[in-house]
Amino acid sequence: MKKLLVAFAAVAAFSAHAADTLTVAATPVPHAEILEFVKPALAKEGVDLKVKVFTDYIQPNVQVAEKRLDANFFQHQPYLDEFNKAKGTNLVSVAGVHLEPLGAYSSKHKKLEDLPGGANVVIPNDATNGGRALLLLAKAGLIKLKDSNNILSTVKDITENTKDLKIRELEAATIPRVLTQVDLALINTNYALEAKLDPAKDALIIEGSDSPYVNILVARPDDKDSDAMKKLVAALHSPEVKAFILEKYKGAVVPAF
């Protein structure tokens, strides 16, 4: 009987440990770095945080929806809304964490005024970040759009393009690789940081603090209120994380809590 009780206790302990394991998908910078930072604090709270790094914007949502992962941390609400609509998923935001201002970069020109007629410009090819890039170009006066408030604007919505910019759409993760081949590249901050760009210094134009694109922790509806998820949110919203973001990213990433 004693052996049976010991075995039962071991199984119970294993089950409790498994229930407190949280596997979260993240893009490398800054999301995975922020998650790695909170790991020790979560361990003290009984949560074993496992960070799975992805370099694309599709699989993190797919694998959470398919219950292969518990949550992800890489996207903003407009992107999530568009993904849910396109894929028929019902993933939800658990908490906002930070803002990564989208910026426009060039290795050939020092300022926007230097862009030649017919300049080659690349923007992300997903609907929300593509629209976001076009809104930034419009705000800078490089183009005009049918609706300057439409976050899902496409190149077809351009009504004025006085410089005859040649705008191409590429997968967001690949844009830094073509920076030297084009005149202007609109790059998400996480990919800019990976490419060793400093958004605060290197971007010719960059989104302001009024941007609606706060990066969020995302989960399934049935899992968003779990004890482990609540502990992760508390850790991500801690003063320590705010200080970490401000110190490490120097304004390239801004706390949103």
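Residues numbered from 1 in each chain as written. Predicted model: local features only at pLDDT ≥ 70, side-chain atom pairs only at ≥ 80, totals over all residues. Heavy atoms only, no water.

1. So, the overall build of the chain
As a reminder, the rule being used: Elements are defined by DSSP. Helices are runs of H or I of four residues or more, strands are runs of E of two residues or more, and each kind is numbered from the N terminus. For every residue, the accessible area obtained with a 1.4 Å probe (protein chains only) is divided by the maximum for its type, and the residue is called buried under 20%, exposed over 50%, and partly exposed between those limits. Whether two residues are in contact is decided by their heavy atoms: any pair within 4.5 Å suffices. Surface accessibility follows the Shrake-Rupley procedure with a 1.4 Å probe radius. Residue values consider only the protein chains on display as shielding.
Along the backbone of the chain there are 9 helices and 13 strands. In terms of overall dimensions, the chain has a C-alpha envelope of 85 × 40 × 30 Å along the principal axes. Here the chain holds 257 residues, and 48% of them are scored as buried. Pairs at least 24 residues apart make up 73% of the contacts formed inside the chain by residues separated by at least 6 positions. For the chain, the accessible area works out to roughly 12500 Å², and carbon and sulfur atoms hold 55% of it.

2. Here we look at the packing of helix H2 (residues 28-44) against helix H9 (residues 239-249)
To keep things clear, this is the line we draw: Orientation is described by axes fitted as lines to C-alpha atoms, over the contacting stretch for helices, and by angles from 0 to 180 degrees between their N-to-C directions. The labels follow the angle: roughly parallel below 35 degrees, roughly antiparallel above 145, roughly perpendicular from 65 to 115, and oblique for the rest. The crossing is said to be left-handed when, going from far helix to near helix, the turn is anticlockwise and less than a right angle, and right-handed when the turn is clockwise. Three classes are used: nonpolar for Ala, Val, Leu, Ile, Met, Phe, Trp, Tyr, Cys and Pro, charged for Asp, Glu, Lys and Arg, and polar for all others, with Gly counted as polar.
One way to put it is that H2 packs onto H9 with a least axis distance of 11 Å and a crossing angle of 135°. When the axes of H2 and H9 are compared, the pair comes out oblique. Our pair here, H2 against H9, has a crossing hand that is right-handed. Each of Val29, Pro30, Glu33, Ile34, Phe37 and Val38 in H2 lies in contact with H9, whose residues at this interface are Glu240, Val241, Phe244, Ile245, Lys248 and Tyr249. Across the contact of H2 with H9, the residue classes tally to 9 nonpolar, no polar and 3 charged.

3. A closer look at the sheet that holds strand E5 (residues 103-105)
Put simply, the test is: Should DSSP find at least two bridges between two strands, the strands are regarded as paired.
Strand order in this open sheet of 5 strands is E9-E6-E10-E5-E11, and the pairing throughout is mixed. The sheet is open, and its two edges are formed by strand E9 (166-170) and strand E11 (205-206), each paired on a single side. Sheet analysis places E5 next to strand E10 (residues 184-187), joined by 3 bridges and oriented antiparallel. By the bridge assignment for E10, Ala104 is matched with Leu186. Here helix H5 (residues 127-139) sits on the sheet in contact with E5, strand E6 (120-124), E9, E10 and E11, set at roughly 135° to E6.

4. What about the sheet that holds strand E4 (residues 92-99)?
Ordered by their spatial adjacency, 6 strands build an open sheet running E2-E1-E3-E12-E4-E13, and the pairing between neighbours is mixed. Here the strands that pair on one side only, and so sit at the sheet edges, are strand E2 (48-53) and strand E13 (254-255). Of the strand pairs in this sheet, E4 and E13 are connected by 2 bridges, and their pairing is antiparallel. Directly across from Leu99, in E13, lies its bridge partner Val254.

5. Digging into the confidence of the model for the chain
For clarity, the threshold we go by: A residue's pLDDT is simply how confident the predictor is in it, with values from 0 to 100.
Scored by pLDDT, the chain comes out at a mean of 91, with 92% of its residues at no less than 70. Taken together, the stretch residues 1-18 has pLDDT below 50 and engages in 1 contact with residues farther than four places along the chain or on a different chain.

6. Concerning the pairing of E10
Side-chain alternation along E10 places Leu184 and Leu186 on one buried face and Ala185 and Ile187 on a second face that is also buried. With 2 bridges joining them, E6 and E10 adopt parallel strand pairing. Along E10, the bridge assignment pairs Val122 with Ala185.

7. A closer look at the nonpolar core
Keep this limit in mind: In these notes, a set of buried Ala, Val, Leu, Ile, Met, Phe, Trp, Tyr and Cys residues joined through side-chain atoms within 4.5 Å is what counts as a nonpolar core.
Ranked by size, the top nonpolar core spans 31 residues in total, and within it Val24, Leu35, Leu49, Leu217, Leu232 and Tyr249 carry the most contacts. Mapped onto this core, the elements with two or more residues apiece are strand E1 (21-26), H2, E2, strand E3 (71-76), E4, strand E12 (214-219), helix H8 (227-236) and H9. Setting aside anything within four residues of it in sequence, one finds Leu217 in contact with Val24, Ala71, Asn72, Phe73, Val92, Ser93, Val94, Ala95, Met229, Leu232, Val233 and Leu236.

8. Quick look at the environment of Pro176
Residue placement: Pro176 occurs in the loop between E9 and E10. Along the sequence, Pro176 and Gly88 sit 88 residues apart, while their C-alpha atoms lie 31 Å from each other. When near neighbours in sequence (up to four residues on either side) are disregarded, Pro176 contacts Ile187, Tyr191 and Ala195.

9. Regarding the packing of aromatic side chains
Applied cut-off: For Phe, Tyr and Trp, where Trp contributes only its six-membered ring, two rings pair if their centres lie within 6.5 Å, and the inter-plane angle classes them as stacked under 30 degrees, edge-to-face over 60, or tilted in between.
Overall, the coordinates contain 7 aromatic pairs when judged by the stated rule. Measuring from ring centre to ring centre gives 5.4 Å for Tyr57 and Tyr191, while their planes differ by 25°; the resulting arrangement is stacked. Residue Tyr57 is found in the loop between E2 and helix H3 (59-65), and its partner Tyr191 is found in helix H6 (residues 189-194); the two are separated by 134 residues along the sequence. Across the pair, exposure class does not vary: Tyr57 and Tyr191 are buried alike. Judged by centre distance (6.2 Å) and plane angle (90°), the ring pair of Phe244 and Tyr249 falls under edge-to-face. For Tyr249, a relative accessible area of 6% corresponds to the buried category. Put simply, the rings of Tyr57, Phe74, Tyr79, Phe83 and Tyr191 pair up and form one aromatic cluster.

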